[in-house]
Amino acid sequence: MSYVEKHLIPGETVQYQTKLHWIVMLGHLAVAAVFELLAITFLVASFSRPAGAKAMSSRGSMYWVVLICFLVGTVLFCIGLLKRSVTEMAVTNKRVIVKTGLAERRTTEILLSRIESVVVDEPALGRIFGYGTVTVRGTGGTPEVFEKIQHPLKFREQVQSQIAGEPKRTGTQ
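Quick caveat: nothing in here was measured; it's all calculated off a predicted structure.

We now examine the overall build of the protein. The helix and strand tally for the protein stands at five helices and eight strands. The secondary structure elements of the protein, listed N-terminal to C-terminal, are α-β-α-α-β-β-β-β-α-β-β-α-β. Taking as baseline every contact in the protein between residues at least 6 positions apart, the subset at least 24 positions apart corresponds to 56%.

Bringing the nonpolar core into the picture now. Formed by 19 residues in total, the largest nonpolar core has its most connected members in Val96, Ile115, Val134, Val136, Phe155 and Val159. Counting only elements with at least two residues in this core, the list comes to strand 2 (88–92), strand 3 (95–100), strand 5 (115–121), strand 6 (131–138), strand 7 (143–150) and helix 5 (152–164). When residues of this core are assigned to their parent elements, the largest contribution, three residues, is made by strand 5. Tyr3, Val4, Ala90 and Ile97 belong to the second-largest nonpolar core, a separate cluster that totals five residues.

The next subject is the pairing of strand 2. Where a strand is regular, its side chains alternate between the two sheet faces. The element strand 2 is extensively covered by neighbouring structure, given that five of its five residues are classed as buried. Here strand 2 shows no split at all, with Glu88, Ala90 and Thr92 on one side and Met89 and Val91 on the other all buried. One ladder, built from four bridges, connects strand 1 (residues 14–18) with strand 2; its direction is antiparallel. Bridging from a neighbouring strand, Val14 pairs with Thr92 of strand 2. Pairing geometry for strand 2 and strand 3, over four bridges, is antiparallel.

As defined by bridge partners, strand 6 adjoins strand 7 across six bridges and the pair is classed as antiparallel. Note that in strand 7 the partner of Gly132 across the bridge is Ile149.

In the structure shown here, the tally under the stated rule is three salt bridges. Between Arg95 and Glu109 there is a salt bridge, with its nearest N and O atoms 2.5 Å apart. Highlighted residues: Arg95 in strand 3 and Glu109 in strand 4 (residues 106–111), separated in sequence by 14 residues. The partner of Arg106 in a salt bridge is Glu144, and the shortest N-O contact between them spans 3.0 Å. Residue Arg106 is located in strand 4, and its partner Glu144 is located in strand 7; the two are separated by 38 residues in the primary sequence. With a relative accessible area of 46%, Arg106 lands in the partly exposed category. The class for Glu144 is buried, based on a relative accessible area of 17%.

Right, let's get into the side chain of Thr135. Note that Thr135 resides in strand 6. Residue classification places Thr135 among the buried residues on the basis of a relative accessible area of 17%.

Conventions we followed
Residues numbered from 1 in each chain as written. Predicted model: local features only at pLDDT ≥ 70, side-chain atom pairs only at ≥ 80, totals over all residues. Heavy atoms only, no water. Helix = DSSP H or I, 4+ residues; strand = E, 2+ residues; numbered from the N terminus. Contact = heavy atoms within 4.5 Å. Core = buried A, V, L, I, M, F, W, Y, C linked by side-chain atoms within 4.5 Å. Buried < 20%, exposed > 50% of the residue type's maximum accessible area, 1.4 Å probe, protein only. Pairing = 2+ DSSP bridges. Salt bridge = Lys/Arg side-chain N within 4 Å of Asp/Glu carboxyl O.

Structural data, given as structure tokens:
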């Protein structure tokens, strides 16, 4: 059961849920790929040596370097995957709920009646790949910025539909 489902108040139902776009993993993926390629390079180098070259002092140490590079790359990729999977964003019939983090959790809950505006910022690549930044501004409060949301226009549409009191429209992305 998700955080949002566990923390619904009586009479509240989830109308729309989304998550971070896969683009948030791009940096982690790039750095992980560098470590994986480095590991492969060291592995190939440990098996090949130029003719007439002296034997390597220790292949065992080279294997440890390969193993460490593979592990670092894998851990970095898993961190990106975890970051994406532990972020929940939902629009209910009463509020907007956003939860990020696993060990250190940050939750933002804004009552629909207190939302003043919802701004969507989509860069050119965001329009192509379907991600953007949503800024929810509550009355008398500071703006809450949610970056790299999957399908940001749909998120804004759902918030506006709930504020306007339109009939129940359930959706998940």
